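Coordinate analysis (summary)
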Amino acid sequence: MTVRTPITDGWTLRLDTTRHTPEQAPSALRTDAVPAQVPGCVHTDLLAAGLIPDPYLGLNEHAVAWIGRADWTYGTTLPARDRAFERADLVFDGLDTVAQVTLAGRTLGTTRNMHRGYRYDATALLDAEADLTVHFASACTEAEAVRAHLGERPNSYPEPTNYIRKMACSFGWDWGPTLVTAGIWRQARIEQWSTARLARVRPHTTVDPATGTGTVELHLDLERTATGAGRDLTVTATAGGRTATAAVPAGQDTAVLVLHVPDAAPWWPRGYGDQPLYDLRLTLAAEDGTALDTWQRRIGFRTVELDTSADEHGTGFTLVVNGTRIFARGVNWIPDDTLITRVTPDRYRERLQQAADANVDLVRVWGGGIYENEAFYDICDELGLMVWQDFLFACAAYPEEQPLRGEVEAEARENVARLMPHASLVLWNGNNENLWGFAEWGWEDELKSDSWGEGYYLGLLPRIVAQTDPTRPYWAGSPWSGSWDHTPNHPDHGTVHSWEVWNRRDYTDYLATVPRFVAEFGWQAPPAFATLRRALPDEALAPDSPGMLHHQKAEDGNGKLDRGLTHHFGAPADFDEWHYLTQVNQARAIATGVEHWRSHWPLCAGTVLWQLNDCWPVTSWAAIDGDARPKPLYHELRRIYADRLLTFQQREGRLVLAVVNQSAQPWTGTVTVRRHHADGTALATAELTFDAAPRTVALLDVPDTVADAADTTEELWTADADTLRAWHFAATDAEFAYPDAAFDATVTPAGSGAHITVTARTLLRDLLLQADRLHPGARTDRGLTTLLPGESAVFHVDDWAAALPGTDLTTALRCINTPRAEQPL
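Our subject in this report is the structure included herewith. (Residues numbered from 1 in each chain as written. Predicted model: local features only at pLDDT ≥ 70, side-chain atom pairs only at ≥ 80, totals over all residues. Heavy atoms only, no water.)

1. Observations regarding the overall build of the protein
Spelled out, the test is: What counts as a helix is a DSSP run of H or I of at least four residues, what counts as a strand is a run of E of at least two, and both are numbered from the N terminus. The globule rule used for comparison is 2.2 Å times the number of residues to the exponent 0.38, while the radius of gyration itself is calculated over C-alpha atoms. Here's how the labels work: a residue is buried when its accessible area is under 20% of the maximum for its type, exposed when over 50%, partly exposed in between, all with a 1.4 Å probe on protein chains only. Per-residue and other accessible areas were derived by the Shrake-Rupley procedure at a 1.4 Å probe size, with only the shown protein chains allowed to occlude residues. As used throughout, the charge tally considers Lys and Arg to be positive and Asp and Glu to be negative, leaving His and the chain termini uncounted. Taken as the charge location is NZ of Lys, CZ of Arg, CG of Asp or CD of Glu.
For the protein, the count of helices and strands is 16 helices and 46 strands. Computed over C-alpha atoms, the radius of gyration of the protein comes to 29 Å, within 12% of the 28 Å expected from 2.2 N^0.38 for 825 residues, which places it in the range of a compact globule. In terms of overall dimensions, the protein has a C-alpha envelope of 90 × 70 × 65 Å along the principal axes. Looking at the protein as a whole, 60% of its 825 residues qualify as buried. By element, 48% of the accessible surface of the protein is carried by carbon and sulfur atoms, the whole surface being about 29700 Å². Averaging the coordinates of the 70 positive side-chain charges in the protein and doing the same for the 110 negative ones gives two points 4 Å apart.

Set out below in structure tokens:
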């Protein structure tokens, strides 16, 4: 049986000064090695040794920039192999990035791709204890050398991300720091085996809708030793209580094995059904029955299609799972930490559970990051989170010449095979924004016929998916209209990235179009106050204070935030109001888009928020900040992505109420629609009956007696049904005649937290409890809450042991109509 032994002990890290010695390197590193952790990276090892400051705090990112320009060497000693095995392989699941592997003084190989694994036959070199070294050259230096060799290509960012197969955002992004890592970032191990091993397993998993029979067609690649080449072998697969066996004759290195599971319980996205998973186990055995190697994964039986058929509106883009058409309620995922080896399975589970709790059902793994670790996809399988997986190309023209082309092909083949067992994976996507860049960002003229990646997205990658994983759809890029007949970012065809809003336009412009599928859209806001306070501990916080500007990476980011505020509010009086209003604006912007687009289902078939998470403390588009604290947007996402939603919309100049029913059950009842004065008085009321079939939207005309206001600066609308409420204000906040907010608040300790009850004495617009201002560890279960006079809301606060009745809530509770300071910021 194959024995796999992780190499985790005895590692050291040494600065290699052969080519140059960075002036900023601590003196201790110039002569001495430091302990290293594998998996890990140089930054985390130097942090653990106390040799560098935390790059996420203050301006420290600048202080550690030298690390990415340096060369490094990892080393350890391996024990002698067990001679009972014919082979001993040295295996690396991930080397970041430009590495030379040396064992017992002999070079085994060199690498230049972070996104694939490497295997070396080390049998002859492990007859005795041997020294292993992995030397890493600077990824910056390597990428610049390839750029000099192949010539300049367009890139949205100044760093040469498109000339090396490395996590692009480690070079910096408009939400992330520049921390160019190096290290053994995934498991290193010794694999000892005899006769033969399972080199690659590709399960094609399908289910027959008519019979319910699940089928796993296993395509196997074997590697044999010299003595194993002449031996007959068998492979046996088990799943769902069923077994299938196939013979592999001597000299044959491939096999296909088919296993049928009758009455297979189908895997569904969350909200559509359960997520049953089956243990699939494969055993390779010698002719006498001795087990040689095993492979095990969890699989789910389901079908997935991408409907891109033409209709009277253009070209659709609708995911269809088990024959059911789905409005995708999605989020974009970036690496959860720029120092990615710190992302543990528990951290994946926390973040993905947060997504599921916000009613998300699709996670797009964005193309400037990584193919995530196995735990990410395992958890998505369990939670019913569909995964849209980008191939790793983002915002740049990628050369198709060597040495890159061969690396791209090897990387794609390996990762398609690695990830295809996962039921949650529903779509392969060729790239992020590169087709769009070629067509609309001036790349075509700049390239002058140089290669730029089209051959990858429209040739190599779809061919690899068709050959390796034919049960899943492939899409060439996002945005992409489906062909060059239309511009890639055409709202009537395929996927759209909606970035005119935020970059140049107010979020109310979301209402102007109904794209077929919105794969990116977003609005910025700063992180939670406690996150800022931890990241900038000694700074007098202001929107333009040095640390705040350093932790704002978007081009003119603060300018866009401020222009976004001016469309709706007066100038903020101080930092606290600026912080609150920018967070409100983010939540409102996303709600405006999602509610509009959901009301147009099935014409629009999905929204994928940019973005769920952050990789460090930063002002960004994320719903969950870099310290894992939810912003108000997160709570708003839970409301607008719920199965059932009420939302006021406009249709041909008339006010209507959209009753959105994404659930599997009919939604029928009566909705009460009211027009109110700003003092809370009900001016007009109507009772409307509705009947929304499963997975549909019902539109109700609001009667003129309710819809028509005498003065929109003093009147507002509500709609109530089954504990849900929709609000509508026709005037901007700056125009609306809000009363000064008045309310009563009580604190009731409860366990390790408290219940805070707020009772409105006036209209309270977008009341927010910032629990982290009560205690950095405190969290609340509610976001923005609007109340009419006499109404109450309860905020449940966890991890606030110091809660006491009578606690001053002044700094933690705020609403739009909180009386303001006299002078603006």
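What follows picks up the thread again.
2. Side note on empty space enclosed by the protein
Applicable threshold: Cavity and pocket criteria rest on a 1 Å grid covering protein atoms alone: a 1.4 Å probe that fits but cannot get out defines a cavity, protein on both sides within 12 Å along at least 5 of 7 lines defines an open pocket, and an atom within 4 Å of a point defines a lining residue. Grid points are joined across faces, edges and corners, and a volume is the space filled by probe spheres set on the points. Residues are grouped as follows: nonpolar covers Ala, Val, Leu, Ile, Met, Phe, Trp, Tyr, Cys and Pro; charged covers Asp, Glu, Lys and Arg; every other residue, Gly included, is treated as polar.
Throughout the structure, instances matching the rule amount to six cavities of 30 Å³ or more. In this model, the largest cavity occupies a volume close to 210 Å³. P630, L769, A771, D772 and T780 are the residues nearest the centre of the largest cavity, which is lined by 19 residues in total. Considering only residue class, the lining of the largest cavity consists of eight nonpolar, six polar and five charged. Space inside the second largest cavity adds up to approximately 50 Å³. Taken together, P203, T205, G300, R302, M420, P421, H422, A423, T471 and R472 form the lining of the second largest cavity.

3. Describing the side chain of E577
Applicable threshold: Here a polar contact means two N or O atoms within 3.5 Å. Within protein one must be a hydrogen donor candidate and the other an acceptor candidate, and residues neighboring in sequence count only if both atoms are side-chain atoms. Whether two residues are in contact is decided by their heavy atoms: any pair within 4.5 Å suffices.
Secondary-structure assignment places E577 in helix α14 (residues 575–598). E577 sits in the buried class, given a relative accessible area of 6%. Among the polar contacts listed, one links the side chain of E577 to the backbone nitrogen of A573, at a separation of 2.8 Å. For E577, the residues in contact, after removing those within four places along its chain, are P572, R814 and R820.

4. Let's talk about helix α9 (residues 454–468)
For the record, the criterion: A helix is expected to span 1.5 Å multiplied by its residue count minus one. To get the bend at a residue, fit one axis to the 7 residues ending there and another to the 7 starting there, then take the angle between the axes.
Between its terminal C-alpha atoms α9 stretches 20 Å, which fits the 21 Å expected from 15 residues at 1.5 Å a residue. A maximum bend of about 30 degrees is found in α9 at L460, where proline P462 lies one to four positions downstream. For α9, every residue scored as buried is listed here: Y456, Y457, L460, L461, I464, V465 and T468. Those residues of α9 that are buried lie in contact with β13 (196–207), α6 (404–419), β28 (425–429), α7 (434–440) and β29 (474–475).

5. Describing the environment of W66
Here W66 lies in the loop between α2 (60–63) and β4 (71–78). You can call W66 buried: its relative accessible area is 5%. In the structure, W66 is positioned 648 residues away from E714 in sequence and 58 Å away in space, judged by C-alpha atoms. Setting aside residues no more than four positions away along its own chain, W66 makes contact with P22, Q24, A25, P26, L29, L46, I52 and W72.

6. Things to note about the sheet that holds strand β20 (residues 304–307)
Note the cut-off: When DSSP finds two or more bridges between two strands, those strands count as paired. A fitted line through C-alpha atoms serves as each axis, taken over the contacting stretch for helices, and the angle formed by two N-to-C directions is quoted from 0 to 180°.
If you walk across this open sheet you meet the three strands as β20-β23-β24, and the pairing is antiparallel. The open sheet terminates on both sides in strands that have one partner only, identified here as β20 and β24 (324–326). The mean angle between the axes of side-by-side strands here comes to 30 degrees, regardless of whether they run parallel or antiparallel. Direction of pairing for strand β23 (residues 318–321) relative to β24: antiparallel, over a ladder of three bridges.

7. A look at the sheet that holds strand β8 (residues 118–121)
Within a sheet, neighbouring strands are paired by backbone hydrogen bonds and run either parallel or antiparallel to one another. Read from one edge to the other, the open sheet built from four strands follows the order β1-β12-β5-β8, with strand pairing classed as antiparallel. Edge positions in the sheet fall to β1 (3–6) and β8, since each has one partner strand and no second. Between one strand axis and the next, the sheet turns through 25 degrees on average, direction left out of account. With six bridges joining them, strand β5 (residues 87–92) and strand β12 (residues 188–193) adopt antiparallel strand pairing. Residue L90 lies in a different strand from β12, and its bridge partner there is I190.

8. Here we look at the packing of α14 against helix α15 (residues 632–640)
Spelled out, the test is: Should an angle fall under 35 degrees it is taken as roughly parallel, and over 145 as roughly antiparallel, whereas 65 to 115 is taken as roughly perpendicular and any remaining angle as oblique. Crossing handedness is read from the near helix: turned anticlockwise from the far helix by less than a right angle, it gives a left-handed crossing, and turned clockwise, a right-handed one.
Where α14 meets α15, the closest approach of the two axes is 9 Å, and the angle between their N-to-C directions is 20 degrees. What the angle tells us is that α14 and α15 run roughly parallel. As for how α14 packs across α15, the hand of that crossing is right-handed. Residues Q583, Q586, A587, I590, A591, V594, E595 and R598 of α14 form the contact with α15, whose own contacting residues are P632, L633, E636, R639 and I640.

9. What about the pattern of salt bridges?
Defined as follows: In the sections that follow, a salt bridge refers to a side-chain nitrogen of Lys or Arg positioned within 4 Å of a carboxyl oxygen of Asp or Glu.
Evaluation of the coordinates by the stated rule reveals 59 salt bridges. Between R516 and D311 there is a salt bridge, with the nearest N and O atoms lying 2.7 Å from each other. Remark: D311 occurs in strand β21 (residues 310–311) and R516 occurs in the loop between α10 (500–503) and β31 (518–521); sequence separation between them is 205 residues. On the accessibility criterion, R516 (5% relative accessible area) is buried. Taking relative accessible area as the criterion, D311 reaches 31% and is therefore assigned partly exposed. Here D390 makes a salt bridge to R364, at a shortest N to O gap of 2.7 Å. A residue pair is termed long-range when its members are at least 10 positions apart, and D390 in strand β27 (residues 386–390) and R364 in strand β26 (residues 362–365) qualify at 26 residues. You can call D390 buried: its relative accessible area is 0%.

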